[in-house]
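Here are the chains, one letter per residue:
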Amino acid sequence: MSLVSLLPTACPRCILRLQNIRTPPSYTRPIRPTPPCSLCLGILQDPALTALITALRPHLSALRHDRRFKINASLPISASLLRDRAARHVLHHANLHPASPTDPHNVSLREAVKWAVCARVHDAFGMRYHPDAQLFVDLSFSHTPSNSDAAFVHTDPANPHKRRRLQNDVSATAVVRAAAAMTDQQFVETMGPRFFPPPPIEQPAEVAVSVYVAPVLFAGRYNKLSRVVSQTPWFVDAPPAASGLAAIARANEGKVTDQYGRRKRTELSVEDAATAGIREVLNPDKATFTAGGREDVDVRMLGKGRPFVVEVINPKIVPALIEEEMVERMRALAASVSSSVVIRDFRMVSKEYFAQMRSFEMEKKKCYRCVVWTRREVGSEELKDKLEVQGGFMLRQKTPLRVLHRRTQAVRERCIFEARLTRVVSPNFFVMDVVAAAGTYIKEFVHGDHGRTLPNVAQLLDCDADIVQLDVTDIYTDSEKR
Ligand SMILES: [Zn+2]
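Residues numbered from 1 in each chain as written. Predicted model: local features only at pLDDT ≥ 70, side-chain atom pairs only at ≥ 80, totals over all residues. Heavy atoms only, no water.

Colleague: Help me understand the coordination of the zinc ion, please; the structure alone is not making it clear to me.
Modeller: As a benchmark, a tetrahedral metal site with four donors has ideal angles of 109.5 degrees, while an octahedral site with six donors has ideal angles of 90 or 180 degrees. In this structure, Cys11 (SG), Cys14 (SG), Cys37 (SG) and Cys40 (SG) serve as the protein donors to the zinc ion, at separations of 2.2 to 2.3 Å. Its 4 donor atoms give the zinc ion angles of 103 to 117 degrees at the centre, a pattern that matches the tetrahedral case. Mapping the donors of the zinc ion onto the primary sequence gives the spacing C-x2-C-x22-C-x2-C. Note that Cys11 is positioned in the loop between helix H1 (3-6) and helix H2 (12-18) and Cys37 in the loop between H2 and helix H3 (46-61), a separation of 26 residues in sequence. Classification of Cys37 as buried rests on a relative accessible area of 0%. (Donors = N, O, S within 2.8 Å, 3.2 Å for Na, K, Ca; no water. Tetrahedral: all angles 85-135°; square planar, octahedral: opposite > 155°, others 65-115°. Helix = DSSP H or I, 4+ residues; strand = E, 2+ residues; numbered from the N terminus. Buried < 20%, exposed > 50% of the residue type's maximum accessible area, 1.4 Å probe, protein only.)

Spelled out as structure tokens, the structure:
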């Protein structure tokens, strides 16, 4: 008996892989047209490979790439596992397959698909498979009729005629696990005699093609020179703004809508400026903005600025082809969004930058300039005496009332390293510079938040005090030069 007569509905490429032929060019030689193969479900046959190339073409022409690609194929479990094992069992039984049907060194359908597809992609688009490629071709093959081959997973082994009520789609993992636990004899009994050799099919598998480009990160720092610009866009359907800011939000409401038609509460955000160039030049599916902390909308961010990172998902150009000239264009676009937001040190970074951001977040110190009002008149000598304390203040801050709706209730110890009187504006107003640890609530340090932050400026001066204006004048870590 020959292989072909034992497996009459196998395609020539499946015959090759069942002989464990490992020379990729063998899988690209022309083959005569045959009915849909009952082993690969048509996946290795020319109609499927041709359809796949046709489907890939528009995806690839929408991208700029460096002719390198990686491939991921999701295969029907019946083809990659059950029919493969059954065919090898038939051959093994006839002494035509020296290795065990489950030998891990057998050429898998996945390997053969990769060889066949890579050759086709190379011929059609001049692209090569490369392990470091930043372009991913994702192939998802499906074949509904053969899903019933895996129906045994539905069945209770103790009572094989009663089907368990499981979900309709058996997960591939469950099938792999169940089949791996079976001896060859058990596999034959489970699949039944009609499966040896695997029965013919009428329609070949269908393929869905998608193409992804590796994500890329950009980082920078921003200055926010306005008290009506928020860090991230606020939307009408977002949670209500803190009370004092609602008026600003209302004033801007409805001026701009996002791509989903939601009305933004503020007409511009730092995120809009930081991602403007990326969106324009790279046209990604998504650009996710993350900053190292945040300030309130009415607080300006001055000095060297606050660091941020933007993760760019599925850009329309592979990262390897992003040139300095493009980054320069992104910088120019970011600068053109608003005079209230300055984007600086904008550059492409590696993914290790996320870890750096996190440690920055933990270690950073922030410098603030506060304009403070006091109910009674306080002279500069008294201010210096009570606020410019050697060694600063160790604060116990309960979660501020204004953020209780989104933060858990806790008492946090935070350090004010230094407070310094900068200027007495009038008997009831003064300007104070403060250096504080990450996570310190400065507004609460001034007015006390109904005694929830201790000590506080109001308590130290023994009169009501409130914060009129607040700016972040710098953010730095001890390792950075201040
Ligand atoms: Zn085949």
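From this point, the narrative continues.
Colleague: Can you help me understand the packing of helix H4 (residues 77-93) against helix H7 (residues 184-191) in this one?
Modeller: Describing two packed helices takes the angle between their axes plus the distance from one axis to the other. Across the interface, H4 lies against H7 with an axial gap of 11 Å and an inter-helix angle of 115 degrees. One element, H4, and the other, H7, form an angle in the roughly perpendicular class. Along this stretch, H4 crosses H7, giving a crossing that reads as left-handed. From H4, Leu82, Arg85, Ala86 and His89 reach across to H7, where they touch Asp184, Phe187, Val188 and Met191. (Axes fitted to C-alpha atoms, helices over the stretch in contact; angles between N-to-C directions. Parallel < 35°, antiparallel > 145°, perpendicular 65-115°, else oblique. Left-handed = near helix turned anticlockwise from the far one by under 90°. Contact = heavy atoms within 4.5 Å.)

Colleague: Hey, could you run me through the nonpolar core in this one?
Modeller: As a rule of thumb, nonpolar side chains are buried together in soluble globular proteins. Counting 63 residues, the largest nonpolar core has Leu7, Leu44, Leu56, Val113, Leu135 and Leu139 as the members making the most contacts within it. Here the element with the most residues in this core is helix H5 (residues 109-125); it accounts for 9 residues. Of all hydrophobic cores here, the second largest spans 56 residues; its members include Val229, Ala273, Val457 and Val472. (Core = buried A, V, L, I, M, F, W, Y, C linked by side-chain atoms within 4.5 Å.)

Colleague: Sorry if this is basic, but what is going on with the environment of Leu41 here?
Modeller: Relative to the helices and strands, Leu41 resides in the loop between H2 and H3. Sequence spacing of Leu41 and Ala205 is 164 residues, and the spatial spacing of their C-alpha atoms is 5.6 Å. Sequence-distant contacts of Leu41, defined by excluding residues within four places in its chain, comprise Pro76, Ala79, Arg83, His143, Ser146, Ile201, Pro204 and Ala205.

Colleague: Even after reading the chapter, I still don't get unusual backbone geometry, so can you show me in this structure?
Modeller: Leaving glycine aside, a negative phi is the common case for residues, and trans is the common case for peptide bonds. Put simply, Phe196 and Pro197 share a cis peptide bond, and its omega is 0 degrees. Examined against the element boundaries, Pro197 turns out to sit in the loop between H7 and strand E6 (206-213). Residue Leu41 is not a glycine yet carries a positive backbone phi of 60 degrees. Even without glycine at this site, Asp449 takes up a positive phi of about 55 degrees. When you line up the elements, Asp449 lands in the loop between helix H13 (442-447) and strand E15 (453-454). A relative accessible area of 5% places Asp449 in the buried class.

Colleague: Sorry if this is basic, but what is going on with the sheet that holds strand E2 (residues 128-129) here?
Modeller: The strands that make up a sheet are held in pairs by hydrogen bonds between backbone atoms, and each pair lies either parallel or antiparallel. Taken in spatial order, the 4 strands line up as E2-E1-E3-E6 in an open sheet, and their pairing is mixed. In the strand order of this sheet, the two ends are held by E2 and E6, each with one partner. Judged from the 8 bridges that link them, strand E3 (residues 135-142) and E6 form a sheet pairing that is antiparallel. Bridge assignment links Leu139 to a residue of E6, and that residue is Val209. Of the strands in this sheet, E3 and E6 are in contact with H3, which crosses E6 at around 25 degrees. (Pairing = 2+ DSSP bridges.)

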